[in-house]
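# Breakdown of the fold
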Amino acid sequence: MNRLSVSCTAAACLVFSAGLATASPWTLPKGRGVLTSGMTYQTAGREFLDRGGSRVFPLDGRFDSAAIQLGGRFGVTDDFEIELRVPFSVVSYQADPVILLPAPAGLSGQAEFDFFQENVINLSQVRTGVGDIDVAGRYRLIRGPVVATLQLGLKIPTGYEGPEGTFGDRPETQEEFLADVERFVNPDNVTDDVTLGDGQVDIDATVLLGYALRAGTFFRVNVGYRLRLGGAADQFTALARVGQAIGRRLLLYAGGRLAYSVQDGRVIGVSVAAIDPTRPATEFGGTDNLLLRELQLARNNLDVGGGLILRLTQKLELNAGYEYTIWGKNTAAIHALSLSLALRVEIF
């Protein structure tokens, strides 16, 4: 929480503490720290492809993710702080198994049955482990009624397997896939893009702006650029949030965040979706219903939501939030629920 004058009202003080658990324009004073722990649950039954609105996952698919995150913010000086966040995640995608290849001519009886058994495609995947580690430094440039802070952030993958096309990083084009469907559509080739992250380094430069009223209202806006290495598309990022304190202990907030790719990312394989994603596995129609896409490391998302911050004690706060992806590209339409605790500590 930022140092405030003695005349600051309780409501305004609560507004400033809204930044305890997350990156904030109001940096922590020298010697202060905030330790955070929380859990986020994400689920989705729909996805955004290259264009258009969301559509259901084929084969009755569903995406789920649960993450436990530990972190901390520490005030090095009154105007400079550092932050570290480490998540442990379980990510899964579950879908009905399907047979895509027709049996070769002349097969019948047990031989035909064995062929179908050997060619059942199961797209269900589960990944568990430590995801991307986030490190950030923030320097407050302006202390006035409008607070301005510069943030430099670094996202570091931890060695997990990155995303690939449905049947691996080969083939890279639709033409290659269609030229040898029987070789690529093999149960042993299934990889998909169920992963703990994109498996590459991000470098963020962001300006954070904040303004708080004595009535207990606060506004904040972030604008930044994300340099994504490893062939991933760079992104323009933005966040807007407004909040209102109610009494001495409660603050409600709402807002949205945007990540928009400004270029094409490298192709990581052919992604296999469905022309008609509502068809059940028993009526999928083999390869006739396949929608082939050359999957790129480029993703857009616009999330909106809100939440509350409840002050449990003078040093402990509870943050509960919800977000939903209302628009995107190469991403799921995610419902995200989060719950976290932030504990203020004196370091020196």
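Our structure's up above, just so we're on the same page.
Residues numbered from 1 in each chain as written. Predicted model: local features only at pLDDT ≥ 70, side-chain atom pairs only at ≥ 80, totals over all residues. Heavy atoms only, no water.

## Side note on the nonpolar core
A general trend in soluble globular proteins is that nonpolar side chains are found buried together. One finds L100, I121, F167, F177 and V185 to be the most contacted residues of the largest nonpolar core, which totals 31 residues. Elements represented by at least two residues in this core include exactly β5 (80–94), α4 (181–184), β15 (267–274) and β16 (290–296). For this core, the element with the highest residue contribution is β15, accounting for three residues. Among residues more than four places away in sequence, those in contact with F167 are L100, I121, F177, F184, V185, N186, N189, V190, T191, V270 and V272. If you look at the next biggest cluster of nonpolar residues, it comprises seven residues, including W26, A212, F218 and I309. (Core = buried A, V, L, I, M, F, W, Y, C linked by side-chain atoms within 4.5 Å. Buried < 20%, exposed > 50% of the residue type's maximum accessible area, 1.4 Å probe, protein only. Helix = DSSP H or I, 4+ residues; strand = E, 2+ residues; numbered from the N terminus. Contact = heavy atoms within 4.5 Å.)

## As for the pattern of salt bridges
By the definition in use, this model includes 18 salt bridges. As a salt-bridge pair, R73 and E81 come within 2.9 Å of each other at their nearest N and O atoms. The pair formed by R73 and E81 is uniform in burial state, with each residue classed as buried. R228 is the salt-bridge partner of D202, the closest N and O atoms lying 3.6 Å from each other. Highlighted residues: D202 in strand β11 (residues 202–212) and R228 in strand β12 (residues 217–228), separated in sequence by 26 residues. In this pair, the class of D202 matches that of R228, namely buried. Here the residues in one salt-bridge network are R73, E81, E83, R85, D134 and R138, joined through shared partners. (Salt bridge = Lys/Arg side-chain N within 4 Å of Asp/Glu carboxyl O.)

## Here's the deal with the sheet that holds strand β19 (residues 331–332)
Taken in spatial order, the three strands line up as β3-β2-β19 in an open sheet, and their pairing is antiparallel. The open sheet has two edge strands, β3 (55–56) and β19, and neither has a second partner. (Pairing = 2+ DSSP bridges.)

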